[in-house]
Amino acid sequence: NAGVTQTPKFRILKIGQSMTLQCTQDMNHNYMYWYRQDPGMGLKLIYYSVGAGITDKGEVPNGYNVSRSTTEDFPLRLELAAPSQTSVYFCASSLGNRGSGGSPLHFGNGTRLTVT
Amino acid sequence: GENVEQHPSTLSVQEGDSAVIKCTYSDSASNYFPWYKQELGKRPQLIIDIRSNVGEKKDQRIAVTLNKTAKHFSLHITETQPEDSAVYFCAVKNTGNQFYFGTGTSLTVIP
C-alpha cells in the first residue's frame, strides 16, 4: 500500500492563479480530509468528506473547493490564489468510527505552497 | 466546532527525564483522542491514541491518560531520548468524524 499520496510536493503560484492539489489513497478509507499548517501552528481543517459524493466545510474553507467523485481521490482546488494561502497542505484519510471511538488519520507527505 | 487547547507550547527536558503535554477540549461528545509526532519537514505520524471508554493507555515509554469528566487528556513520555525531540500535536475527533488539533508542543531533549 502506498497509503496517502499527494502531488505536487512544492508549488509556487502568482496571486490570482489557480491550481489543484491532488490526493489519492489506496486503503479504501471512506473519510478524507484536507488540512493546512502554517508555521508554528497546528493543523486547521479546510474540508472533509465522509464518502464519495459527500463533502463538507471545515474550520477554514474560504478560498478553497473540493470534490469527491471516487473513494480514492479527494482533490483540493484553489481559485484566485492569495498570499494568505501560503502554507503546507496535508491530505489525510481515516477508516472512520471503530467500536466506541475512532481510527487514526493517515497523512500524506504534504504540499508546500507559496503564493507571491 | 471543537476548541482544543494544548500546553506547553515549548518544553525542554534533560535526556532521561519525563515529559508531559496536556490538552483540553470543549465538546463532551468527542470520542477519540490521538497524539501525533511531527519531525521537521515531515508529515504528522500517530504515536498513541485513546478511545473515550478507556482512562489510560501505555505503549513502552509513551502513555496517554484521559479524564472525560474534566475534558482533558495528557501525553507522558518517560526516559526521554534525543530522538524524541519533535513537535507533538494532540487531536480530538467528534461524533461527526472531524478531527481538531491543538497548536503543538515543541519538545527538545537535551543530551
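Going by the structure above, here's the rest.
Analysis parameters
- Residues numbered from 1 in each chain as written.
- Chains lettered and ligands numbered in written order.
- Predicted model: local features only at pLDDT ≥ 70, side-chain atom pairs only at ≥ 80, totals over all residues.
- Heavy atoms only, no water.
- Helix = DSSP H or I, 4+ residues; strand = E, 2+ residues; numbered from the N terminus.
- Rg over C-alpha atoms; globule rule 2.2 N^0.38 Å.
- Buried < 20%, exposed > 50% of the residue type's maximum accessible area, 1.4 Å probe, protein only.
- Contact = heavy atoms within 4.5 Å.
- Disulfide = S-S within 2.5 Å.
- Salt bridge = Lys/Arg side-chain N within 4 Å of Asp/Glu carboxyl O.

Caption draft 1: Just the overall build of chain B, in detail. For chain B, the helix and strand inventory stands at zero helices and 11 strands. Moving toward the C terminus, one meets the helices and strands of chain B in the order β-β-β-β-β-β-β-β-β-β-β. Taking 13 Å as the expected radius of gyration for a compact globule of 111 residues, we find that chain B reaches 13 Å, a close match to that expectation. Across its three principal directions, the C-alpha atoms of chain B cover 40 × 30 × 20 Å. Every one of the 111 residues in chain B was classed for burial, and the buried ones make up 48%. Counting contacts in chain B only where the partners sit at least 6 residues apart, residues at least 24 apart contribute 54% of the total.

Caption draft 2: Expanded view of the state of the cysteines. If you walk through the whole model with that rule in mind, you get two disulfides over all chains. A sulfur-sulfur distance of 1.9 Å marks the disulfide that ties Cys23 of chain A to Cys91 of chain A. Its S-S torsion of approximately -70 degrees makes the covalent link between Cys23 of chain A and Cys91 of chain A left-handed. Pair noted here: Cys23 of chain A is in strand β3 (residues 19–25) and Cys91 of chain A is in strand β9 (residues 87–94), with a separation of 68 residues, a long-range link. The disulfide that involves Cys23 of chain B links it to Cys90 of chain B, with 1.9 Å between the sulfurs. A torsion of -95 degrees about the S-S bond marks the disulfide between Cys23 of chain B and Cys90 of chain B as left-handed. With a gap of 67 residues between them, Cys23 of chain B in strand β3 (residues 19–24) and Cys90 of chain B in strand β9 (residues 86–93) connect regions that are remote in the sequence. By the burial criterion, Cys23 of chain B is buried, and Cys90 of chain B matches it.

Caption draft 3: Representation of the pattern of salt bridges in the model. Summed over all chains, the structure comprises six salt bridges over all chains. A salt bridge links Lys44 of chain A to Glu59 of chain A, with the nearest nitrogen and oxygen atoms 4.0 Å apart. Here the residue Lys44 of chain A occupies a position in strand β5 (residues 43–51), and Glu59 of chain A occupies one in the loop between β6 (54–57) and β7 (64–66), the gap between them amounting to 15 residues. A salt bridge links Asp49 of chain B to Lys57 of chain B, with the shortest nitrogen-to-oxygen separation between them at 2.7 Å. Judged by its relative accessible area of 33%, Lys57 of chain B falls in the partly exposed class.

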